[in-house]
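# Commentary on secondary and tertiary structure
If you want the building blocks of each chain, they are given just below.
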Amino acid sequence: PADAAFHGAICEASGNPMFEQILTGLHFAFEREGESAFGSDEFGMDSWPPHRDLANAIVARDPDAAVAAISAILDAVEGEIRAIIGADSANVKR
C-alpha cells in the first residue's frame, strides 16, 4: 500500500519507462513474497532510512542526494538478498 504508492509516485515523476518495467517486476515478486524468505517481516527494513533520504532529496530537488540515497537503498537490499541466498559478496564481480 504505502510502499507501492511511494514507488509509483517516483515512477510517475521520473517519466522513465525502464523504471516502470522494473517496478512492474518488483510488484509481481512482492505479490508472491509470502512464498519465499523475501516475505519475512524483517526483509527490506535496512532500506527504510534511505527511503526517507530519497524522499527528502526529491522534495529538495537535490539529484546528488537522490543518487546517494538510491545507492544506499540498493546496497541494503542487495546485502539482504545475498544473506538470504547465501552469496558471498566478496566473491561476486560487479
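In what follows, the structure referred to is the one given above.
This section reports on the structure supplied with the text. (Residues numbered from 1 in each chain as written. Predicted model: local features only at pLDDT ≥ 70, side-chain atom pairs only at ≥ 80, totals over all residues. Heavy atoms only, no water.)

### Comments concerning the pattern of salt bridges
What counts is decided by this rule: A pairing counts as a salt bridge when a side-chain nitrogen of Lys or Arg comes within 4 Å of a carboxyl oxygen of Asp or Glu. Numbering goes from the N terminus for both helices and strands, where a helix is a DSSP run of H or I of at least four residues and a strand is a run of E of at least two. The classification of residues rests on relative accessible area computed with a 1.4 Å probe and restricted to protein chains. Under 20% of the type maximum is buried, over 50% is exposed, and intermediate values are partly exposed.
Overall, the coordinates contain one salt bridge when judged by the stated rule. Residue arginine 82 pairs with glutamate 78 through a salt bridge whose shortest N-O separation is 2.8 Å. Remark: glutamate 78 and arginine 82 occur in helix H4 (residues 63-85); sequence separation between them is four residues, near one turn of the helix. Glutamate 78 gets classed as partly exposed once you look at its relative accessible area, which sits at 22%.

### Quick notes on the nonpolar core
Note the threshold: Note on terminology: a nonpolar core comprises buried Ala, Val, Leu, Ile, Met, Phe, Trp, Tyr and Cys residues joined through side-chain atoms within 4.5 Å. In what follows, residue pairs with any heavy atoms lying within 4.5 Å of each other are defined as contacts.
Listed in full, the six residues of the largest apolar core are Ile10, Leu54, Ala57, Ala66, Ala69 and Ile73. Where this core is concerned, the elements lending two or more residues are helix H3 (48-59) and H4. At three residues, H4 tops the list of elements feeding residues into this core. When residues no more than four places from it in sequence are discounted, the contact partners of alanine 57 are Asp62, Ala65 and Ala66.

### Re the packing of helix H1 (residues 2-14) against H3
Here is the rule we go by: To define axes, lines are fitted to C-alpha atoms, for helices over the stretch in contact only, and angles between the resulting N-to-C directions are given on a 0 to 180 degree scale. It is the rotation of the near helix from the far one that decides the hand of a crossing: anticlockwise by less than a right angle makes it left-handed, clockwise makes it right-handed. Side-chain classes follow a simple rule in which Ala, Val, Leu, Ile, Met, Phe, Trp, Tyr, Cys and Pro form the nonpolar group, Asp, Glu, Lys and Arg form the charged group, and the remainder, Gly included, forms the polar group.
Following both chains from N to C, one finds H1 and H3 inclined at 35°, their axes separated by 12 Å at the closest point. Like other packed secondary-structure pairs, H1 and H3 cross with a definite hand, here left-handed. Packed against H1, whose contacting residues are Asp3, Phe6, His7 and Ile10, the element H3 presents Trp48, His51, Leu54, Ala55 and Ile58 at the interface. Per-class residue counts for the contact of H1 with H3 are six nonpolar, two polar and one charged.

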